[in-house]
Amino acid sequence: QVRLVESGGGLVQSGASLKLSCAVSGGVFRTYLMAWFRQAPGKEREFVAAVHWMNGETDYADAEKGRFTVSRDNSKNTVYLQMNKLIPEDTATYYCAAKPRATTLFNFDDAYQHWGQGIQVTVSS
């Protein structure tokens, strides 16, 4: 059974940085496309970033380009999301997701089979 556990969330002020981690157990992490999504209260879940398992290729939502960086450490079965210059609009529950053996990057949630429980990030103004 594949299990994803997020950590590193919290309450920060606008302009601060946070680094989220997602530890994956079960399955073969190095063959998973890994992604981050987020959901703010009253809004749809939205794509944040993804990193491919084959070549480390990354993709970002337009609003996060230049501020967020997704990375992975296959030796630790962990994917990271470094978030810089946080703004109140980044406040949401952040989820990591995994898709085994994807041939390309996907930026919609239906593509992913495995999900973490989510972690809260709150940015105060």
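Residues numbered from 1 in each chain as written. Predicted model: local features only at pLDDT ≥ 70, side-chain atom pairs only at ≥ 80, totals over all residues. Heavy atoms only, no water.

S.K.: Please explain the overall build of the protein chain as it appears in this structure.
M.R.: Helix and strand counts for the protein chain come out as 0 helices and 11 strands. In the protein chain, the succession of α and β elements from N to C terminus is β-β-β-β-β-β-β-β-β-β-β. At 13 Å, the protein chain has a C-alpha radius of gyration in line with the 14 Å of a compact globule built from 125 residues. Its C-alpha atoms put the protein chain at 40 × 30 × 25 Å along the principal axes. Buried residues in the protein chain amount to 45% of all 125 residues. In the protein chain, 59% of the contacts between residues at least 6 apart in sequence involve partners at least 24 apart. (Helix = DSSP H or I, 4+ residues; strand = E, 2+ residues; numbered from the N terminus. Rg over C-alpha atoms; globule rule 2.2 N^0.38 Å. Buried < 20%, exposed > 50% of the residue type's maximum accessible area, 1.4 Å probe, protein only. Contact = heavy atoms within 4.5 Å.)

S.K.: I'm lost on the nonpolar core in this one. Help?
M.R.: Proteins that are soluble and globular tend to have nonpolar side chains buried together. In terms of nonpolar packing, the biggest core is built from 28 residues, with M34, W36, L81, M83 and Y94 touching the most fellow members. At the level of elements, β3 (18-25), β4 (32-39), β5 (46-51), β7 (68-73), β8 (78-83), β9 (92-100) and β11 (119-124) are the ones that each hand at least two residues to this core. Membership of the second largest hydrophobic core comes to 11 residues, among which are L33, A35, F47 and A111. (Core = buried A, V, L, I, M, F, W, Y, C linked by side-chain atoms within 4.5 Å.)

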